Amino acid sequence: MMRQGPRVLLSRAMRWRRPFSTDLQADTAGDSKFIDAWKKLNPNMDPPKTPISYMKPRPPTPSTIPSKLTVNLVLPYDSVLSAKEVDMVIVPASTGQMGVLPGHVATIAELKPGILSVHEGNEVNKYFLSGGFAFVHSNSVADIIAIEATPVDRIDPSLVQKGLAEFQQRLNSASTDVEKAEAQIGVDVHSALNAALTG
Amino acid sequence: MAMAALRREGKRIAVPLISPNPINPLRSTLASSQEQTPFGVRSISTQIVRNRMKSVRNIQKITKAMKMVAASKLRAIQTKAENSRGLWQPFTALLGDTPSKLLIFIVYWVKGNRTHLKAVGSSSQLPHVEKFETSNITSKCYLPLSHSVGPRDYFLFVICGYADVHSLSGAFVAFQLENWSYQCAIICPLGVDVKKNVIVTISSDKGLCGGINSTSVKTSRGLYKLNSGPEKECKYVVLGEKAKAQLVRDSKKNIQLTLTELQKNPLNYTQVAVLADDILKNVEYDALRIVFNKFQSVVSFVPTVSTVLSPEVVEREAEAGGTLGELDSYEIEGGETKSEVLQNLTEFQFSCVMFNAVMENACSEQGARMSAMDSSSRNAGDMLDRLTLTYNRTRQASITTELIEIISGASALEG
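Residues numbered from 1 in each chain as written. Chains lettered and ligands numbered in written order. Predicted model: local features only at pLDDT ≥ 70, side-chain atom pairs only at ≥ 80, totals over all residues. Heavy atoms only, no water.

As recorded in an unreviewed UniProt entry, chain B goes by F-ATPase gamma subunit and comes from Penstemon davidsonii. Recorded in UniProt for chain B, the comment headed Sequence similarities (unreviewed entry) runs: "Belongs to the ATPase gamma chain family." UniProt annotates chain B under Subcellular location (unreviewed entry) with the comment "Membrane". (UniProt positions renumbered as here; feature names shortened; annotations may be inferred.)

UniProt, in the comment section headed Sequence similarities (unreviewed entry), describes chain A in these words: "Belongs to the ATPase epsilon chain family." Quoted straight from UniProt, the Subcellular location (unreviewed entry) entry for chain A says "Mitochondrion inner membrane".

Q: What's the story with the overall build of chain A in this structure? I'm lost.
A: Of the regular secondary structure elements, chain A holds four helices and 10 strands. The order of helices and strands in chain A, counted from the N terminus, is α-α-β-β-β-β-β-β-β-β-β-β-α-α. When contacts within chain A are restricted to residue pairs at least 6 apart in sequence, those whose partners lie at least 24 apart make up 49%. Entry remark: accessible area of chain A is about 10400 Å², with carbon and sulfur atoms responsible for 56%. (Helix = DSSP H or I, 4+ residues; strand = E, 2+ residues; numbered from the N terminus. Contact = heavy atoms within 4.5 Å. Areas by Shrake-Rupley, 256 points an atom, 1.4 Å probe, with all protein chains shown as cover.)

Q: Help me understand the state of the cysteines, please; the structure alone is not making it clear to me.
A: Among covalent bonds in proteins, the disulfide is the one between the sulfur atoms of two cysteines. A complete count under the given rule lists zero disulfides over all chains for this structure. Free of any disulfide, B:Cys352 has its nearest cysteine sulfur in B:Cys363, 18 Å distant. (Disulfide = S-S within 2.5 Å.)

Q: Would you take a moment to explain the layout of surface pockets for this structure?
A: With a probe scaled to a water molecule rolled over the atoms, the places where space remains empty come into view. Approximately 1100 Å³ is the volume attributed to the largest pocket. The wall of the largest pocket is formed by 27 residues, among which A:Ser130, A:Ile147, A:Ile185, B:Tyr269 and B:Phe348 lie closest to the centre. When residues of the lining of the largest pocket are traced back to their parent elements, those giving at least two are strand E5 (107-111), strand E8 (132-136) and helix H4 (177-198) of chain A together with helix H7 (269-282) and helix H9 (338-414) of chain B. The element contributing the most residues to the lining of the largest pocket is H7(B), with seven residues. Considering only residue class, the lining of the largest pocket consists of 13 nonpolar, eight polar and six charged. (1 Å grid on protein atoms, 1.4 Å probe; cavity = no way out; pocket = protein on both sides within 12 Å on 5 of 7 lines; lining within 4 Å. Points joined across faces, edges and corners; volume = space filled by probe spheres on them. Nonpolar A, V, L, I, M, F, W, Y, C, P; charged D, E, K, R; others polar.)

Q: Any chance you could explain the packing of H7(B) against H9(B) here in plain terms?
A: The geometry of a pair of packed helices is captured by two quantities: the angle between their axes and the separation between those axes. Residues and elements named next belong to chain B. Look at H7 against H9: their axes get within 9 Å of each other, and the N-to-C directions meet at 125°. One element, H7, and the other, H9, form an angle in the oblique class. Relative to H9, the crossing made by H7 is right-handed. Across from Tyr269, Val272, Ala273, Leu275, Ala276, Ile279 and Leu280 in H7, the residues of H9 making contact are Glu347, Phe348, Phe350, Ser351, Cys352, Met354 and Phe355. When its residues are assigned to classes, the contact of H7 with H9 shows 12 nonpolar, one polar and one charged. (Axes fitted to C-alpha atoms, helices over the stretch in contact; angles between N-to-C directions. Parallel < 35°, antiparallel > 145°, perpendicular 65-115°, else oblique. Left-handed = near helix turned anticlockwise from the far one by under 90°.)

Q: Whenever I open this one, the UniProt feature "domain: ATP synthase F1 complex delta/epsilon subunit N-terminal" (unreviewed entry) in chain A confuses me. Can you help?
A: Listed under "domain: ATP synthase F1 complex delta/epsilon subunit N-terminal" (unreviewed entry) in the UniProt record, and renumbered for this structure, are residues 69-141 of chain A. End C-alpha atoms of residues 69-141 of chain A are separated by 6 Å, and the span's content is 0% helix alongside 68% strand.

Q: Got a minute to help me understand the environment of B:Leu309 in this structure?
A: All names here are of chain B. Along the chain, Leu309 falls in strand E14 (residues 300-309). Among the residues examined, Leu309 registers a relative accessible area of 8% and is labelled buried. In this structure the C-alpha to C-alpha distance between Leu309 and Asn197, which are 112 residues apart in sequence, comes to 9.4 Å. (Buried < 20%, exposed > 50% of the residue type's maximum accessible area, 1.4 Å probe, protein only.)

Q: So what exactly am I meant to see when it comes to unusual backbone geometry here?
A: Glycine aside, residues mostly have negative phi angles, and peptide bonds mostly take the trans form. Residue and element names in this part refer to chain B. Notably, Leu208 is not glycine yet its phi reads approximately 60°, a positive angle. Here Leu208 is to be found in the loop between strand E10 (196-202) and helix H5 (212-227). The exposure class of Leu208 is exposed, given its relative accessible area of 54%. Look at Glu231: it is not a glycine, yet its phi comes out positive at around 65°. Relative to the assigned elements, Glu231 resides in the loop between H5 and strand E11 (233-239).

Q: For this particular structure, what's the right way to read the nonpolar core?
A: Soluble globular proteins: nonpolar side chains tend toward being buried together. The biggest cluster of nonpolar side chains holds 65 residues, and the ones touching the most others in it are B:Val237, B:Leu239, B:Ile279, B:Ile290, B:Leu327, B:Phe350 and B:Met354. A per-element tally of this core places H9(B) first, with 15 residues. Non-local contacts of B:Phe350, meaning those with residues more than four positions away in its chain, are made with B:Ala276, B:Ile279, B:Leu280, B:Leu288, B:Ile290 and B:Val308. Counting 23 residues, the second largest nonpolar core, distinct from the first, contains A:Leu75, A:Val89, A:Val91 and A:Ala134. (Core = buried A, V, L, I, M, F, W, Y, C linked by side-chain atoms within 4.5 Å.)

Q: I would appreciate a short explanation of the packing of helix H8 (residues 311-320) of chain B against H9(B) in the present structure.
A: Residues and elements named next belong to chain B. Look at H8 against H9: their axes get within 9 Å of each other, and the N-to-C directions meet at 120°. With respect to each other, H8 and H9 are oriented oblique. Crossing geometry of H8 relative to H9 is assigned as right-handed. Mapping the contact onto sequence places Pro311, Val314 and Glu315 in H8 and Ser339, Leu342, Gln343 and Thr346 in H9. For the contact of H8 with H9, the residue count by class is three nonpolar, three polar and one charged.

Q: Got a minute to help me understand the packing of aromatic side chains in this structure?
A: When we look at a pair of aromatic rings, we describe it by the centre distance and by the angle of the planes. A full pass over the atoms with the stated rule returns nine aromatic pairs over all chains. Seen from their ring centres, B:Phe91 and B:Phe348 are 5.8 Å apart, and the 75° between their planes marks the pair as edge-to-face. Remark: B:Phe348 occurs in helix H9 and B:Phe91 occurs in helix H4 (residues 89-95); sequence separation between them is 257 residues. Relative accessible area serves as the criterion here: at 0%, B:Phe91 is assigned to the buried category. Taking the relative accessible area as the measure of exposure, B:Phe348 reaches 11% and is therefore buried. When the centroid spacing of 5.5 Å and the interplanar angle of 15° are considered together, the rings of B:Tyr224 and B:Tyr236 count as stacked. Placement of the pair is B:Tyr224 in helix H5 and B:Tyr236 in strand E11, with a sequence separation of 12 residues. B:Tyr224 gets classed as partly exposed once you look at its relative accessible area, which sits at 24%. Each residue in the set A:Phe133, A:Phe135, B:Phe91 and B:Phe348 is aromatic and connected to the rest through ring pairs, giving one cluster. Over the ring of A:Tyr54 we find B:Lys294; its NZ or CZ atom is 4.5 Å from the centre of that ring. (Phe/Tyr/Trp six-rings, centres within 6.5 Å; stacked < 30°, edge-to-face > 60°. Lys NZ or Arg CZ within 6 Å of the ring centre and 35° of its normal.)

Q: Whenever I open this one, the side chain of B:Arg369 confuses me. Can you help?
A: Residue and element names in this part refer to chain B. Along the polypeptide, Arg369 turns up in helix H9. A relative accessible area of 9% means that Arg369 is categorised as buried. Dropping the residues within four chain positions of it, Arg369 is found in contact with Met66, Ala70, Lys206, Gly207, Leu208 and Cys209.

Q: Explanation requested: the environment of B:Thr46 in the structure shown.
A: Residues and elements named next belong to chain B. Mapped onto the secondary structure, Thr46 falls in the loop between helix H2 (29-36) and helix H3 (47-83). In this structure, the C-alpha to C-alpha distance between Thr46 and Lys264, residues 218 residues apart in sequence, is 45 Å. Contacts of Thr46, omitting those with residues within four sequence positions, involve Tyr391, Thr394 and Arg395.

Q: I keep staring at the pattern of salt bridges and nothing clicks. Help me out?
A: A side chain of one charge can pair with a side chain of the opposite charge if their charged atoms are brought near each other. Taken as a whole, this structure holds 14 salt bridges over all chains when the rule is applied. Two residues, B:Arg221 and B:Asp250, come together in a salt bridge whose shortest N-O distance is 3.1 Å. Linking B:Arg221 in helix H5 with B:Asp250 in helix H6 (residues 241-251), this pair joins segments that are 29 residues apart in sequence. According to the relative accessible area criterion, B:Arg221 is partly exposed, its value standing at 27%. Among the salt bridges present, the one from B:Asp374 reaches B:Arg378, with a minimum N-O distance of 2.6 Å. Residue B:Asp374 and its partner B:Arg378 are both found in helix H9; the two are separated by four residues, about one turn of the helix. Salt bridges sharing partners connect three or more residues here, namely A:Lys68, A:Asp87 and A:Glu120. (Salt bridge = Lys/Arg side-chain N within 4 Å of Asp/Glu carboxyl O.)

Below you can see the structure in the form of structure tokens.
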């Protein structure tokens with residue numbers, strides 16, 4: 001019985017998930033260690049704050065799959081969607097369009113320029129993303145971080161065609177690797193824009 | 001009429017008064033105007049006080065104008081900074097916040113078939129760890145007792161200064177403590193230990209903004225002390241003239257890179273991305289610690305430190321199963337290998353965190369400048385009041401003196 005004890009505990013511990021990103025308890029504890037260490041070395045100075053103290057804690061992983069997905073779409077200039085409850089989002093991952101439903105497995109996805117569609121009931125909102133990252137957490141929270149996100153109806157088709165032609169020409173006449181890479185990026189983005197307008 | 005003439009005379013006499021001896025501005029104006037009067041001049045000069053009043057009034061106008069300018073710049077940049085606050089939150093939600101270099105352990109143990117936690121070690125008490133063996137229950141560890149906690153409570157104690165603790169994850173240890181004997185305990189590291197720290201200090205280029213640059217530099221120096229030790233190195237990357245001037249004085253050889261004139265053009269993400277790229281290319285790092293002043297309100301700025309770990313450290317910690325242990329459970333989409341995606345992730349994280357940090361610091365700079373200029377103009381107003389009183393007293397004293405002389409002269413002629 002004694003010998004079985006550790007094994008039972010080990011299996012129990014393996015199932016017990018360490019509180020981490022979905023639970024703030026450990027993080028504040030980590031913070032307090034930092035504060036203690038700081039106070040020992042710099043007793044006369046207040047310790048600096050860390051980003052955790054400015055964040056609202058994330059909800060823990062629920063035991064049943066929730067009915068709605070919480071989406072945060074953030075850009076450097078704005079939070080387009082913050083904590084919006086939706087049914088599904090389709091993100092343009094670099095491996096193709098990826099649909100995310102509530103209860104999706106935790107994923108880190110690199111995004112390529114393309115369309116993000118947010119499905120809420122019957123309405124679908126489409127945004128053209130310039131690229132970034134998408135995190136899906138196990139508590140059905142999806143964070144999408146992009147540099148630019150414009151609603152598709154605000155894209156001007158004539159400018160897209162012009163840009164595409166210009167970058168293709170630049171790609172053909174590019175000499176150095178850097179120029180080629182830049183022109184290739186331009187071509188990719190504009191063709192994605194084109195596809196977004198037509199598709 | 002006589003007084004007007006005398007006052008005009010006072011003005012004419014004032015000119016040779018000023019040139020011979022340079023007036024020490026720290027001495028009282030009244031005393032100096034009286035001492036400077038050479039023999040033969042009858043009126044006390046108010047010129048000196050008048051000059052001071054003019055200069056103080058100009059200073060007041062200038063500082064008021066600077067306050068208005070800072071207020072308008074703050075209004076422009078504040079909305080942008082607040083909008084950029086959502087940018088770093090997903091990264092902190094995913095990767096956590098690891099400011100500490102110490103390793104923290106959660107110990108959860110059982111006695112028999114009930115769970116009891118007997119001892120609580122506070123972080124300042126370092127338990128004496130004799131020996132750890134990862135395979136067998138052989139070691140003994142003596143912990144200072146403070147109080148007993150209920151079953152299933154977690155508690156933390158700190159072991160620091162341990163050479164290679166990564167092999168300890170998942171270790172079993174037996175504790176012998178008073179009359180209790182503990183069968184096993186699971187230890188898993190919580191903090192992150194890094195060797196190469198780079199402290200990115202963000203400050204302003206222009207002065208007259210209160211104490212925010214000094215607090216940033218003090219915080220950076222504190223972090224440097226925290227992260228320096230054997231086998232660890234700590235370097236600075238400095239953004240902004242003011243921090244550079246302060247850090248060059250004592251840490252010149254530790255400064256790796258300095259960047260100035262950030263705010264020449266209005267701040268935008270592209271510029272900061274290029275900056276971040278520059279830093280990442282030129283600096284070797286395990287952890288980047290960005291020190292800036294977070295803008296809480298127009299009068300309150302909080303020094304903050306954000307941490308960005310390098311992709312190798314993230315992978316190592318994810319495998320070791322500590323703070324970032326859950327990262328392994330995430331599926332990776334895109335890219336050829338996991339390490340490529342992690343590298344893109346950390347670079348993106350760095351540029352996002354830098355963007356937010358630079359905007360918040362710019363806001364704090366304008367807010368601090370507003371309050372500094374406001375108190376400066378208030379002080380100038382106070383000084384002007386005091387000088388006005390002095391001026392009036394001087395003026396009235398000179399009039400009275402002239403009157404007395406005239407009247408005594410006239411009465412001497414009569415009588």
